[in-house]
Each structure stands twice: as C-alpha cells, then as structure tokens.
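Close look at the chain arrangement
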Amino acid sequence: MELKKILVCPKCKTSIKKRGQKSKCKNCGFKYEYKDGIWHFLTLSKKSEKSKLGYEELHQSPSLRLDDGSYEILAAIARGNKTLDIACGEGFIEKLSPETVGVDFSLNSLKKARKSGVKNLVLADAHALPFKNKSFDIAICSGSLEHFLSPLKAL
C-alpha cells in the first residue's frame, strides 16, 4: 500500500494533492508535513492536548512493550490485509507486520517506532483520521479505546 495515495485532510476530508515536506489543504488550509519518515496530520482539542503531553512524557521512558503474545497475535491477523493500527504506540505490531499503518498522537512514540524500522507512520488523532474511506480491511485499536475523549467518535 502506498500511504500517500490514501491520505486526506483530517478536517475536511479533501484528498491531499501536494506531497512535499510542508504543505496545506487546498480546501480548508490545514497545514501538514512529512518529516523524518512520519506524516504529521495532528489536530487536537484543548482537552486532548493535556492528555497528549502525558503520553509524550510516558514515551520518553524505556519501551512499554507487553510480553504476553498479544502483539504477535494482532500482527498475524494484520499480515496480508490492509491494516490500520490506531494508537500504535511504539509500533510493536508494525515491526511484526511491516505493511501495517501505525497512527498515534504521540510524536515520541512514533519516533521510537521509526528508529526501530517501522515505515508507515502517521501523527494524527483517532478522532480525525486522515485517510480515504474504505482504505483499510482491518482497524486495530488494542488497549487504547478507553483513553479516548470520545470513544464513540473514534469508532
């Protein structure tokens, strides 16, 4: 899957045409960029911003990887499918299923994922995903839904 072909503006859902380092949506003016292998489409409410700061701090510490086999199971389901991992954290599923697209609102977690070799990463809010409809066969959100401000909106 070529990630840049399925990206849309998270605010107005207009297809992204310009794919340079920094750009903006031709329809609503939303600014986005592609930097260090990560697409930046983050748009947050003031309430979400406080939560984001906590997760940025959390992801500065050593790895938060679970060793219960759950990442391996989810990666096995993801393999061979167009899969989106919402709130991917440090990209443990993406390491095991490299075609999976990882999305998180913590830049620190995505930087860790990128350093470990993960390719398809997007900085975005689960409440405003920057993808065309029907771009994925499967969406994974493991252990994060209860942390969203509006779980129903994210769903």
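The notes below deal with the structure included here. (Residues numbered from 1 in each chain as written. Predicted model: local features only at pLDDT ≥ 70, side-chain atom pairs only at ≥ 80, totals over all residues. Heavy atoms only, no water.)

**Examining unusual backbone geometry**
The cut-off we apply is this: Only DSSP runs of H or I reaching four residues or more are called helices, and only runs of E reaching two or more are called strands; each is numbered from the N terminus.
Its identity is not glycine, yet Ala87 carries a phi of approximately 65°, on the positive side. As for its position among the elements, Ala87 is in the loop between β4 (83-86) and α3 (92-96). The backbone of Lys134 shows a phi angle near 65°, a positive value even though the residue is not glycine. Tracing the sequence through the fold places Lys134 in the loop between β6 (121-123) and β7 (138-140).

**So, the packing of aromatic side chains**
Inclusion rule: A pair of Phe, Tyr and Trp rings is counted when the ring centres sit within 6.5 Å of each other, with Trp represented by its six-membered ring. The angle between the planes then sorts it: under 30 degrees is stacked, over 60 is edge-to-face, the rest tilted. Accessible area is worked out with a 1.4 Å probe on protein chains only. A residue is then buried under 20% of its type maximum, exposed over 50%, and partly exposed in between.
Enumeration according to the criterion identifies 5 aromatic pairs in this entry. Note on Trp39 and Phe41: the rings are 6.0 Å apart at their centroids and 25° apart in plane angle, and the pair reads as stacked. Relative accessible area serves as the criterion here: at 6%, Trp39 is assigned to the buried category. Aromatic side chains Phe131 and Phe136 sit 5.1 Å apart centroid to centroid with 90° between the ring planes, which places their arrangement in the edge-to-face category. Summarising the burial analysis for this pair, Phe131 and Phe136 share the class buried. Three or more aromatic residues joined by ring pairs form one cluster here, namely Tyr32, Tyr34, Trp39 and Phe41.

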